[in-house]
Amino acid sequence: MICTLGDLLLDVIVRTTGPLAAGADTSVETRVASGGQAANVASWVAELGEPARFIGRQAEDAAGTLVRSLLEGRGVEPAGPRVEGKTGVVVSLVGADGDRTMATDRGIAPELREDELDPAWFEGCRWLHLSGYSLLADPIAGAALAAARLAREGGARVSVDLSSWSAIRARGPQVFRASLEELAPDVVFANEPEWELIGGAYGLGETAVVKRGSRGVAVLGAGGSEEHTAVASEVVDTTGAGDALAAGFIVGGIELGLETAARCVAQLGAVPA
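Think of each chain on its own: its residues are numbered from 1, step by step along the sequence as written. With pLDDT at 70 or above as the cut-off, local features in this predicted model cover only qualifying residues; side-chain atom pairs require 80 or more to be listed or tallied, and sums for whole chains, interfaces and linings still use all residues. Excluded from the side-chain calculations are hydrogens and water; all other atoms, namely the structure's heavy atoms, are used.

Chemist: Honestly, the packing of helix 7 (residues 241–252) against helix 8 (residues 254–265) in this entry has me stumped. Any pointers?
Modeler: When two helices pack together, you describe them by how their axes are tilted relative to each other and by the distance separating the axes. The angle between two axes is taken between their N-to-C directions and runs from 0 to 180 degrees, where each axis is a line fitted to C-alpha atoms and a helix contributes only its stretch in contact. Here a helix means four or more residues in a row that DSSP labels H or I, a strand means two or more in a row labelled E, and each is numbered from the N terminus. Taken N-terminus to C-terminus, the directions of helix 7 and helix 8 make an angle of 150 degrees; their axes are 7 Å apart at the nearest point. Relative to helix 8, the element helix 7 is oriented roughly antiparallel. Every pair of crossing elements has a handedness; the one defined by helix 7 and helix 8 is right-handed. Residues Ala241, Ala244, Leu245, Gly248, Phe249, Val251 and Gly252 of helix 7 touch helix 8, and the partners they reach there are Ile254, Leu256, Gly257, Leu258, Thr260, Ala261, Cys264 and Val265. Roughly parallel means an angle under 35 degrees; roughly antiparallel means over 145; roughly perpendicular covers 65 to 115; every other angle is labelled oblique. Crossings are sorted by hand: turned counterclockwise from the far helix by less than a right angle, the near helix makes the crossing left-handed, and turned clockwise it makes it right-handed. When checking whether two residues touch, look at their non-hydrogen atoms; a contact exists if any pair is within 4.5 Å.

Chemist: Help me understand the sheet that holds strand 14 (residues 217–221) in this model?
Modeler: Here 9 strands make up an open sheet; going across it, the order is 6-4-1-10-11-12-13-14-15 and the pairing mixed. Both edges of this open sheet fall to strand 6 (76–79) and strand 15 (224–228), since each of them pairs with a single strand only. With strand direction ignored, the average angle separating the axes of adjacent strands in the sheet is 20 degrees. Pairing of strand 1 (residues 2–5) with strand 10 (residues 127–131), which is carried by 4 bridges, proceeds in the parallel orientation. Only strands that DSSP links by at least two bridges are regarded as paired with each other.

Chemist: In this structure, what is going on with the side chain of Asp11? I would like to understand it.
Modeler: The residue Asp11 is located in strand 2 (residues 9–15) in this model. One buried charged side chain, Asp11, makes no salt bridge at all; its nearest oppositely charged neighbour is Arg31, positioned 8.0 Å away. Setting aside chain neighbours within four positions, we find Asp11 in contact with Arg31, Val32, Ala33, Ser34, Gly35, Gly36, Val90 and Ala270. Here's how the labels work: a residue is buried when its accessible area is under 20% of the maximum for its type, exposed when over 50%, partly exposed in between, all with a 1.4 Å probe on protein chains only. In this tally Asp and Glu are treated as negative and Lys and Arg as positive; neither His nor the chain ends contributes. Salt bridges are counted wherever a side-chain nitrogen of Lys or Arg sits within 4 Å of a carboxyl oxygen of Asp or Glu.

Chemist: How should I be thinking about the pairing of strand 11 (residues 157–161) in this particular structure?
Modeler: Look at any regular strand and the pattern is simple: side chains alternate between the two faces of the sheet. With 4 of 5 residues buried, strand 11 is to be regarded as a mostly interior element. Here strand 10 pairs with strand 11 via 5 bridges, running parallel. Opposite Trp127, over in strand 11, you have Arg157 as the bridge partner. Taken together, strand 10, helix 3 (residues 140–153) and strand 11 form a β-α-β motif whose crossover is right-handed. Bridge count for strand 11 against strand 12 (residues 187–191) is 3 bridges, and the pairing is parallel. Bridge pairing in strand 12 places Val160 opposite Val188. Crossovers are marked right-handed if the path from the first strand over the helix to the second runs clockwise, as seen with the strands pointing away from the viewer.

Chemist: Explain the state of the cysteines here, please?
Modeler: By definition, a disulfide links the sulfur atoms of two cysteines through a covalent bond. The disulfide criterion is simple: two cysteine sulfur atoms within 2.5 Å. Per the counting criterion, the structure on display carries 0 disulfides. Looking at Cys125, it has no disulfide partner, and the nearest cysteine sulfur is the one in Cys3, 3.4 Å off. Cys125 gets classed as buried once you look at its relative accessible area, which sits at 4%.

Here you go:
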């Protein structure tokens, strides 16, 4: 079982072919799907044929019911406390070139507490992947560190995606780096701005995967650095490419990660179509 911990959100993706008409209508292409970085990784893990479990707070509202059903429909087992409150929403505005800008409301997801964790959720877990967002707010940051300890008691490896340079800057790079050092992940995923903002993650884990968009990735470890080119693909939407890369890497290594990322950018949305 591969487990992920973080957010389960409602994704609303809006793709435009030109500028929006201010004060008027603009024809766009849309998709509504389950979202949240941890839930996206779990969805791609299941798509690649591995058992997947998402762990996180889930609201008992209409949006929560919808995103849970979408997640389960992809073969992911949702786990975590179900509570009153609001499911978060992410609106992704995707341009004609596939680049995207996101507006995020995380809802009740960051409120996950350490005392809400059930050790049974980590039974059979061979890998725990954490969204970096889970280290960027309280009380979920404490829950994420506790989850890593529970997973490691069963022999699991732990990875983390740094997630957002803007959120790291708001939290404070030194504060975030201290959380990473306490977590001591086996694998760190980061894009170049995130990597630079924390001063490089050397010494935090065995492996770092630095994402460079169309230029591929650098895999850094004790043996040095390996450069891997991106897999060629038509770029429709870059949303979730890093989540797909992480899922593929966890399941089968960097080559599968790059292939899965290429599949992701060739469609609209962050989860398998």
